[in-house]
Protein chains: 2
Amino acid sequence: MALSQQRQEKTQQNFFLENELTLQYAVAEEVMQLFAPSKSLISIEAKMGVQTDTLVDDFLSAINTNSDIDFNALVETFSDSQVPINPANFDNYLDYLANNVINHSIHTSSPRFIGHMTSALPCFVRPIAKLMTAMNQNVVKIETAKAFSPYERQALAMMHRLIYNFSDEFYTEHIQNSQSTLGILVSGGTAANIIALWCARNKSLGAKNSFAGVEKEGLAAALDYYGYQGAVIIGSELMHYSFDKAADLLGIGTDGLIKIPTNGNNQIDLPALHQAVADCQSKNLHIIAIVGVAGTTDSGNIDSLLDIADIAQAANVHFHVDAAWGGPLIFSEQHRDKLVGIERADSVTIDGHKQLYLPMGIGMVFMREPYLASSIEKNASYTMRKGSFDLGKRALEGSRAGMALFLHAGLHLIGLKGYEFLIDTGIEKTQYMAAQITTMPEFELLSQPDINLLLYRYIPESFRELAVKKQLTETDNQQINRFNERLQKSQRQAGRTFISRTTKTISCLEKEISVTALRAVIANPLTTKDDIDAVLNDQIQIALDLLISDSLEATPSLA
Amino acid sequence: MALSQQRQEKTQQNFFLENELTLQYAVAEEVMQLFAPSKSLISIEAKMGVQTDTLVDDFLSAINTNSDIDFNALVETFSDSQVPINPANFDNYLDYLANNVINHSIHTSSPRFIGHMTSALPCFVRPIAKLMTAMNQNVVKIETAKAFSPYERQALAMMHRLIYNFSDEFYTEHIQNSQSTLGILVSGGTAANIIALWCARNKSLGAKNSFAGVEKEGLAAALDYYGYQGAVIIGSELMHYSFDKAADLLGIGTDGLIKIPTNGNNQIDLPALHQAVADCQSKNLHIIAIVGVAGTTDSGNIDSLLDIADIAQAANVHFHVDAAWGGPLIFSEQHRDKLVGIERADSVTIDGHKQLYLPMGIGMVFMREPYLASSIEKNASYTMRKGSFDLGKRALEGSRAGMALFLHAGLHLIGLKGYEFLIDTGIEKTQYMAAQITTMPEFELLSQPDINLLLYRYIPESFRELAVKKQLTETDNQQINRFNERLQKSQRQAGRTFISRTTKTISCLEKEISVTALRAVIANPLTTKDDIDAVLNDQIQIALDLLISDSLEATPSLA
């Protein structure tokens, strides 16, 4: 090799090496900039804040519910699986986000998005989200969340008091007692329900004599020791799917989730529940818990909690109430009675991200008995030492954020009367919608709403007379089902308004059949009566368009 | 009653009624203001934003780690359990927050808070937190999170590819295939570990012939059908406490969590693991999974994943790697080798809120086999219909926020090279700290760091000679333990710097004993070598103060 060539290669090598180092240095500098605290208003972060605020304002002021992009086309834009090599520029990434993600997200705050339990939120949650993220507390232990631990306990105690209303002495004793657990904050209602049943299982199959308890020895050994043939959880057929997850996770098996039929008002059938409890007892099956539902996901109905409490008490079984949706009725003087009996529950689930109008990630489970959660306590040498104040000791999760900030802020910035107003007006608007549906020949109301969920369906003109006379056949209903499914999908695709769909069991010529139902959830404070009318009129228009296109397809082409 | 008195009472009644209505109206108005979308800069929300930004800036620029308020005094301030009646004013609430909560929270971003796995975060997470909260997507189903569903799948696929590095064809096939699950985003590493073992349990005890599977029939029936005496999970004694939770939850029992001793480097002892597997097999115990740890919580050590993979493969057992902490080493060319074998894991846990420098609430579990998670699939009529794209179908949680926004943003705004820089410099600074400790007579390094966690302890002067000669007795060690515990507590209380503590097993005159260890976690990019020196010097000063106060107490008072 000629010397000159060698030298040239060497230079080139050096060049690449230097280039590589320069690149590395550039990356280091860019990354360090991201971590440098922002003190001045002209900082990177302040600029990012202004840019995202613009996107936020646009997003929140949208009236339509979503873009009409085809979902398969949208999916295509997320097909690259390589992590980018170098840090992207924030402006470019924000542009990408705006065009590909934000533009095609759901305007859950739109007053015409009234089909799911996701709604507009009060404006304070946005600055508070930033504050919480900036503080980056980890409430698993006080060493990473000093004030947040008693602060979270306080917010949970306030909710506990609304439900159970024990004495001042009770709360003085337990609110900040590290041995007591009045409630556990968790990622959502599903985890809250799982924790409640976990506690119920562990307490009812606990240590006794030579047996170290289900927690240590496992479920098979527990059933064996206590002499049971199996274990079950009993609730209505309208229980949330999180109970299927719980029964599976806890080793009971979903077959052990006994689903009791409901009455015409979607409430658990009490004689059938009675019978099921007796059957389990006679079959020597251990009943871990009886579940009452306070606000079914489908239609918002509330079980007769007082009667279930009696049945659970007589059977000496843990009584859990899933009030993920309906719990906040406790704030309303007018509607609180619908929850009567909840104060006798051993555990209660409430979701902050539903009717407390807080962001996702705030599930709560409350315990009547402050020592119940000790049945799931775990400790570790580097944290959550026995006797400590660390909140992670009695929880499903480990590290978690200071989400209590939203809950505590909600309870203070909205207050008892504010939540009462939100509950009352939601139910009032739902009654308005039900009344409108009743007067419109295009629709059939499938049941009177208990609270702020509503099931109805569209009846194509050719079926209306039979529908009014209650003479629809099963085949008619099947055709109507298909039409309602198409209607809901077309409405969703168009993106001007939104209603969800589910199935509901109805009587059809003395037979129980399942029909497709349109499902409204009226939880957005911004939704006015005009919006409700607009949603219904949009559905009528879409239905007409579908019928016209059907008849065009059926007619031989003129071309 | 005189007429005039009657009239007067009536007037008073009216007055109260009117007053009540006025109050109700005022509450309604205040609440509705909170929900009104903010379009103009002078809106309520913009003002809230400015106020919270000021608090955020102050909080983030703090150098000390926490206030020195007495914890019991702090707890006292959170003793009211009544929900306030009327909505509070935001300014007042923010003042309250600042004085009672923010002032006494932990400055986890302080460069001198190097004792836990909680660190400074890149600035983009703060505007993005606000954006995510504003968008309020619920990724349980596409109807409440249209673009977010494929967007989350993409971010998870990128992480999957870093771990498993399958072919382009593999990712093209699975990245947006609703039947495949490359990863699940969940609230944290604990839930991620639980999901992994849940999948392992359900798959290995699945439906067969007349048996409908553990998911349906439960664990007792499954063990019975398959003819096992019991079920176990095997891993090192340094497994995270989430495995205790998993063993309990899944019905196995914590006694079924077999903890294998570790070697001098805190890694699972391979011959002992081999033996345990053989023992279980001979006892007819079903091994649900073997767990490898990639970054122990105590000291960051990584098991020999390749060897564990061989053992698991030979036994035909699910191999799970808990890489909650160590997973992101995959980004580093220099340190990636420490994880070799992870690509053979059936499932892997990684925490976004740890070494991906993202907020709490981003746990991830990845699956080698894209259909593994079908073993935990659940459906419901109102959502998550079979065959749908809904992400909630195969998950522990139900409703959850669009946390993928942080993950996707992190992968793009920090990038492969940026994460590599963060990993490399963290380890480099840890080596610096270890070297400093070695040269300082006050301290003893308890083991060489594998990555960026470090265990050491303070040796009071009277013990130093014996310590150097390795002649400390068990009683000496007990005294040193007590001193280190006091040192750590005093340091935490003073709040200038922070180091956590744990226990470590060491050899003491041919006996294994447990000693109190100081634990450093060097994960904050803002921590400089000067900060490390400052933390060590602070400890030396606190130790001297403690020794002086001890000797004063021991000396008879001169007064």
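Each value, and the rule that gives it
- Residues numbered from 1 in each chain as written.
- Chains lettered and ligands numbered in written order.
- Predicted model: local features only at pLDDT ≥ 70, side-chain atom pairs only at ≥ 80, totals over all residues.
- Helix = DSSP H or I, 4+ residues; strand = E, 2+ residues; numbered from the N terminus.
- Buried ≥ 20, exposed ≤ 12 C-beta atoms within 10 Å, placed from the backbone.
- Contact = placed C-beta atoms within 7 Å.
- Least-squares fit on C-alpha atoms with pLDDT ≥ 70 in both.
- Domains from an automatic or database assignment.
- Nonpolar A, V, L, I, M, F, W, Y, C, P; charged D, E, K, R; others polar.
- Pairing = 2+ DSSP bridges.
- Axes fitted to C-alpha atoms, helices over the stretch in contact; angles between N-to-C directions.
- Parallel < 35°, antiparallel > 145°, perpendicular 65-115°, else oblique.
- Left-handed = near helix turned anticlockwise from the far one by under 90°.
- Right-handed = clockwise from strand over helix to strand, strands pointing away.
- Expected span 1.5 Å × (residues − 1).
- Arc of directions from axis to C-beta.
- Core = buried A, V, L, I, M, F, W, Y, C linked by C-beta atoms within 7 Å.
- pLDDT = per-residue confidence, 0-100.

Scanning chain A for helices and strands turns up 18 helices and 11 strands. Based on the C-alpha atoms only, the size of chain A along its principal axes is roughly 100 × 85 × 55 Å. For chain A, the proportion of its 559 residues judged to be buried stands at 58%. For chain A, the proportion of contacts with a sequence separation of at least 24, taken over those separated by at least 6, is 71%.

What follows covers the environment of glycine 398 of chain B. Positionally, glycine 398 of chain B belongs in the loop between strand E7 (363-367) and helix H14 (404-413). Residues glycine 398 of chain B and serine 551 of chain B, 153 residues apart in the sequence, show an inter-C-alpha distance of 59 Å. When residues no more than four places from it in sequence are discounted, the contact partners of glycine 398 of chain B are Gly188, Gly189, Thr190 and Ser242 of chain A together with Val140 and Gly392 of chain B.

Let us now look at the relation of the copies chain A and chain B. Superposition of chain A onto chain B requires a rotation of 180° combined with a translation of 0.0 Å along the rotation axis, giving an RMSD of 0.0 Å. Classification of the inter-copy transformation places it as that of a two-fold axis.

All names here are of chain A. Per the domain assignment, the segments making up chain A are domain 1 (1-34), domain 2 (37-105), domain 3 (132-416) and domain 4 (418-552). The straight-line distance from the C-alpha centre of domain 3 to that of domain 4 is 34 Å. Tallying the contact residues gives 20 residues for domain 3 and 17 residues for domain 4. Taken together, the residues that form the side of domain 3 that touches domain 4 break down as seven nonpolar, 10 polar and three charged.

Take the sheet that holds strand E1 (residues 183-186) of chain A next. All names here are of chain A. If you walk across this open sheet you meet the seven strands as E1-E7-E6-E5-E4-E2-E3, and the pairing is mixed. Whereas interior strands pair on both sides, the edge strands pair on one side only; in this sheet they are E1 and strand E3 (257-260). Geometrically, the sheet is characterised by an average inter-axis angle of 20° between neighbouring strands, direction not taken into account. Two elements, strand E2 (residues 230-236) and E3, share four bridges in a ladder whose sense is parallel. Paired with isoleucine 233 across the two strands is leucine 257, which belongs to E3.

As a further point, take the packing of helix H5 (residues 125-135) of chain A against helix H5 (residues 125-135) of chain B. Direction vectors running N to C along H5 of chain A and H5 of chain B enclose 140°, while the axes themselves pass 8 Å from each other. When the interaxial angle is binned, H5 of chain A and H5 of chain B end up oblique. Note that H5 of chain A runs across H5 of chain B; the crossing there is right-handed. Seen from H5 of chain A, the contacting residues are Val125, Arg126, Ala129, Lys130, Thr133 and Ala134 of chain A; seen from H5 of chain B, they are Val125, Arg126, Ala129, Lys130, Thr133 and Ala134 of chain B. Classifying every residue of the contact of H5 of chain A with H5 of chain B by side-chain character gives six nonpolar, two polar and four charged.

Another aspect to go through is the pairing of strand E2 (residues 230-236) of chain B. Successive side chains on a regular strand alternate, one facing one side of the sheet and the next facing the other. Residue and element names in this part refer to chain B. Counted residue by residue, E2 has six buried out of seven residues, so it is predominantly covered. Sheet topology note: the E2/strand E4 (residues 285-293) ladder contains five bridges and is parallel. Looking across to E4, one finds that isoleucine 233 is bridged to alanine 289. For the crossover from E2 across helix H11 (residues 242-249) to strand E3 (residues 257-260), the handedness is right-handed.

Moving on, we come to unusual backbone geometry. Glycine aside, residues mostly have negative phi angles, and peptide bonds mostly take the trans form. All names here are of chain B. Although it is not a glycine, asparagine 136 sits at a positive phi angle of roughly 45°. Here asparagine 136 is to be found in the loop between H5 and helix H6 (148-164). Under the C-beta neighbour-count criterion, asparagine 136 is labelled buried, with 27 such atoms within 10 Å. At leucine 509, a position not held by glycine, the phi torsion is positive, near 50°. Along the polypeptide, leucine 509 turns up in the loop between strand E10 (500-508) and strand E11 (511-521). Here leucine 509 falls in the exposed class, since 11 other C-beta atoms lie within 10 Å of it.

Next up on the list: the sheet that holds E11 of chain B. Residues and elements named next belong to chain B. Strand order in the open sheet made by the four strands is E8-E9-E11-E10, with antiparallel pairing throughout. At either margin of the open sheet sits one strand with a lone partner, and together these are strand E8 (443-445) and E10. Recorded for the sheet is a direction-independent mean angle of 45° between the axes of neighbouring strands. For E10 and E11, the ladder comprises nine bridges, and the chain directions are antiparallel. Residue pairing in the sheet places lysine 504 in a bridge with valine 515 of E11.

Counting residues at the interface gives 143 residues for chain A and 143 residues for chain B. The element best represented in the side of chain A that touches chain B is helix H2 (residues 44-60) of chain A, accounting for 10 residues. Split by residue class, the side of chain A that touches chain B holds 73 nonpolar, 46 polar and 24 charged.

We now examine the pairing of strand E1 (residues 183-186) of chain B. Residues and elements named next belong to chain B. Neither face of E1 is open: one carries Gly183 and Leu185, the other Ile184 and Val186, and all of them are buried. Relative to E7, E1 runs antiparallel, the two being bridged by four bridges. Bridge assignment links isoleucine 184 to a residue of E7, and that residue is valine 365.

Residues and elements named next belong to chain A. Under the 1.5 Å per step criterion, the end-to-end length of helix H17 (residues 474-494) is 30 Å for 21 residues, consistent within 8% with the ideal 30 Å. Every buried residue of H17 is accounted for by Asn477, Ile480, Phe483, Asn484, Leu487, Gln488, Gln491 and Arg492. End-on view of H17: buried residues confined to an arc of 165°, all on one side of the axis. For H17, the exposed residues set more than 90 degrees away from the buried face come down to Thr475, Arg482 and Lys489. Where the residues of H17 are buried, they touch strand E9 (453-458), helix H16 (461-468), strand E10 (500-508), strand E11 (511-521) and helix H18 (529-554).

Of all 11 residues in H5 of chain B, 11 are buried; the element is thus mostly enclosed. Buried within H5 of chain B are the following residues: Val125, Arg126, Pro127, Ile128, Ala129, Lys130, Leu131, Met132, Thr133, Ala134 and Met135 of chain B. Residues of H5 of chain B that are buried in the fold lie against H2 and H5 of chain A together with helix H2 (44-60) and H14 of chain B. At the exit of H5 of chain B stands asparagine 136 of chain B, carrying a positive phi of roughly 45°.

The next subject is the packing of H17 of chain A against H18 of chain A. All names here are of chain A. The contact between H17 and H18 brings their axes to 10 Å, and the two run at 110°. By the angle between their directions, the pair H17 and H18 is classed as roughly perpendicular. Relative to H18, H17 is oriented so that their crossing is right-handed. Mapping the contact onto sequence places Arg486, Leu487, Ser490, Gln491 and Ala494 in H17 and Asp538, Gln539, Ile542, Ala543 and Leu546 in H18. Considered class by class, the residues forming the contact of H17 with H18 number five nonpolar, three polar and two charged.

If you look at the biggest cluster of nonpolar residues, it comprises 347 residues, and the most contacted ones within it are Ile195, Ile233 and Ile234 of chain A together with Ile195, Ile233 and Ile234 of chain B. Excluding residues that lie within four positions of it along the chain, isoleucine 195 of chain A makes contacts with Ile184, Val186, Val365 and Leu396 of chain A.

Structurally, leucine 445 of chain B is set in strand E8. Along the chain, leucine 445 of chain B and alanine 435 of chain B lie 10 residues apart, while their C-alpha atoms are 9.0 Å from each other.

The next thing to look at is the environment of arginine 394 of chain A. Residue and element names in this part refer to chain A. Within the fold, arginine 394 resides in the loop between strand E7 (363-367) and helix H14 (404-413). Measuring from C-alpha to C-alpha, the distance between arginine 394 and glutamate 377 comes to 4.6 Å, with 17 residues separating the pair along the chain. Those residues in contact with arginine 394 that sit more than four places away from it in its chain are Thr181, Ile184, Ala373, Ser374, Ile376 and Glu377.

What follows is about the confidence of the model for chain A. Do not read the fine detail of predicted coordinates wherever pLDDT is low. Confidence in the prediction of chain A, expressed as mean pLDDT, is 93, and 94% of residues score 70 or more. Here the predicted complex carries an ipTM of 0.94, next to a pTM of 0.95.

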